[in-house]
Structures are given as C-alpha cells and as structure tokens.
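# Structure at a glance
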Amino acid sequence: LTYSIGPMGTSIEGDENTVFATAQECLKQLANHADRVYMTIKIDYRKNITNRIYKKVKSLEEKVNIT
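Residues numbered from 1 in each chain as written. Predicted model: local features only at pLDDT ≥ 70, side-chain atom pairs only at ≥ 80, totals over all residues. Heavy atoms only, no water.

### Focus on the pattern of salt bridges
In the structure shown here, the tally under the stated rule is 3 salt bridges. For the salt bridge of Lys56 with Asp44, the shortest nitrogen-to-oxygen distance reads 3.0 Å. Remark: Asp44 occurs in the loop between α1 (16-31) and α2 (52-63) and Lys56 occurs in helix α2; sequence separation between them is 12 residues. Exposure remark for Lys56: the relative accessible area of 46% places this residue in the partly exposed category. Its salt-bridge partner being Glu62, residue Lys58 comes within 3.4 Å of it at the nearest N-O pair. In this pair, Lys58 and Glu62 are both assigned in helix α2, 4 residues apart and thus about one turn of the helix distant. With relative accessibility at 48%, the residue Lys58 sits in the partly exposed group. (Salt bridge = Lys/Arg side-chain N within 4 Å of Asp/Glu carboxyl O. Helix = DSSP H or I, 4+ residues; strand = E, 2+ residues; numbered from the N terminus. Buried < 20%, exposed > 50% of the residue type's maximum accessible area, 1.4 Å probe, protein only.)

If you want it as structure tokens, here you go:
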C-alpha cells in the first residue's frame, strides 16, 4: 500500500479490501500489546484515481510555494 506518516496519523491508499484488511491487522496487533486501542478511519473514495496522497500534498505545496 501507498502510505504517508504524519504527526497526527498515518494515511494509506489502496483498494478497499486491502485497506480494510490492513486496518483490521493493525487493530489485532495493537490489541496484543494494549488493553485499549483507539482507531479512527476516514475514507476518501474516488474511482480511477491513484497516488492521491502525494498529489494532494504536492498541490498544497505549489499553492503556498513550499516546493
């Protein structure tokens, strides 16, 4: 999966089955080491679009001249 780690969470990108399976495995692994796990999932679904994680950041950087 394509992923991006940020200060407030990690974004992952891929087909829905793989994304959900990954989230489920993360929960399982965390639950092995903690009594409580807090997980928030946001979904931004668009057909036939890839690499949105990087394109969105690049677009913002260009708009605010951070390149």
